[in-house]
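Residues per chain, in single letters:
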Amino acid sequence: MTDLMLWNRLTRREQRVIIKLFGGGSLYGNSPIETANLMRLGLITERGLTSVGLEVFIAAFKAQREANQPELAEI
């Protein structure tokens, strides 16, 4: 499964956890269900993002940036 496909299969709450961890946040206050699922998928640990989790986030970030490129060219 490609990184972007995995990102798209995550719930919005799971995506927010990954975004939060990428920004230097913690797992504090997150639902244990989302946290357990992301750990099961190998995207996060108790200490933060795994290398796989980082790759998934970067793939989603690049896809979003590419989707917005035409808008930036018009400005």
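Residues numbered from 1 in each chain as written. Predicted model: local features only at pLDDT ≥ 70, side-chain atom pairs only at ≥ 80, totals over all residues. Heavy atoms only, no water.

## Side note on the pattern of salt bridges
So, point 1. Counted by the stated rule, this structure contains 1 salt bridge.
So, point 2. For R13, the salt bridge goes to E34, with nearest N and O atoms at 3.7 Å. Of this pair, R13 sits in helix 2 (residues 12-22) while E34 sits in helix 3 (residues 32-40), and the two are 21 residues apart along the sequence.
So, point 3. Under the relative-accessibility criterion, R13 is labelled exposed at 57%. (Salt bridge = Lys/Arg side-chain N within 4 Å of Asp/Glu carboxyl O. Helix = DSSP H or I, 4+ residues; strand = E, 2+ residues; numbered from the N terminus. Buried < 20%, exposed > 50% of the residue type's maximum accessible area, 1.4 Å probe, protein only.)

## Examining the packing of helix 2 against helix 3
So, point 1. Between helix 2 and helix 3, whose axes approach to 10 Å, the crossing angle comes to 75 degrees. Regarding the angle of helix 2 to helix 3, the classification is roughly perpendicular. Note on element contacts: helix 3 touches helix 2 through E34, N37 and L38, opposite R13, E14, V17 and I18.
So, point 2. When its residues are assigned to classes, the contact of helix 2 with helix 3 shows 3 nonpolar, 1 polar and 3 charged. (Axes fitted to C-alpha atoms, helices over the stretch in contact; angles between N-to-C directions. Parallel < 35°, antiparallel > 145°, perpendicular 65-115°, else oblique. Contact = heavy atoms within 4.5 Å. Nonpolar A, V, L, I, M, F, W, Y, C, P; charged D, E, K, R; others polar.)

## What about helix 3?
So, point 1. Those residues of helix 3 lying buried are E34, T35, N37 and L38. Down the axis of helix 3, the buried set is contained in an arc of 165 degrees. They therefore lie on one face. Away from the buried face of helix 3 by more than 90 degrees, exposed residues P32, I33 and R40 are located.
So, point 2. Check the buried side of helix 3 and you find it contacts helix 2 and strand 1 (44-45).
So, point 3. Positioned one or two residues after helix 3, G42 has a phi angle of 80 degrees, which is positive. (Arc of directions from axis to C-beta.)

## Overview of the packing of aromatic side chains
So, point 1. For the coordinates displayed, the defined rule picks out 3 aromatic pairs.
So, point 2. Between F57 and F61 the ring centres are 6.3 Å apart and the planes differ by 25 degrees, which places this aromatic pair in the stacked class. Of the two residues, F57 and F61 are both situated in helix 4 (residues 51-74); the distance of 4 residues between them amounts to about one turn of the helix.
So, point 3. Looking at F61, the relative accessible area reads 47%, which means it is partly exposed.
So, point 4. An aromatic cluster of three or more residues is present, and its members are W7, F22, F57 and F61. (Phe/Tyr/Trp six-rings, centres within 6.5 Å; stacked < 30°, edge-to-face > 60°.)

## Focus on a nonpolar patch on the surface
So, point 1. On the surface, a cluster of nonpolar side chains totalling about 240 Å² of accessible area is made up of F22, L54 and I58.
So, point 2. The class for F22 is partly exposed, based on a relative accessible area of 45%. (Patch = residues over 30% accessible without salt bridge, like charges linked within 9 Å, V, L, I, M, F, W, Y side chains within 5 Å. Areas by Shrake-Rupley, 256 points an atom, 1.4 Å probe, with all protein chains shown as cover.)

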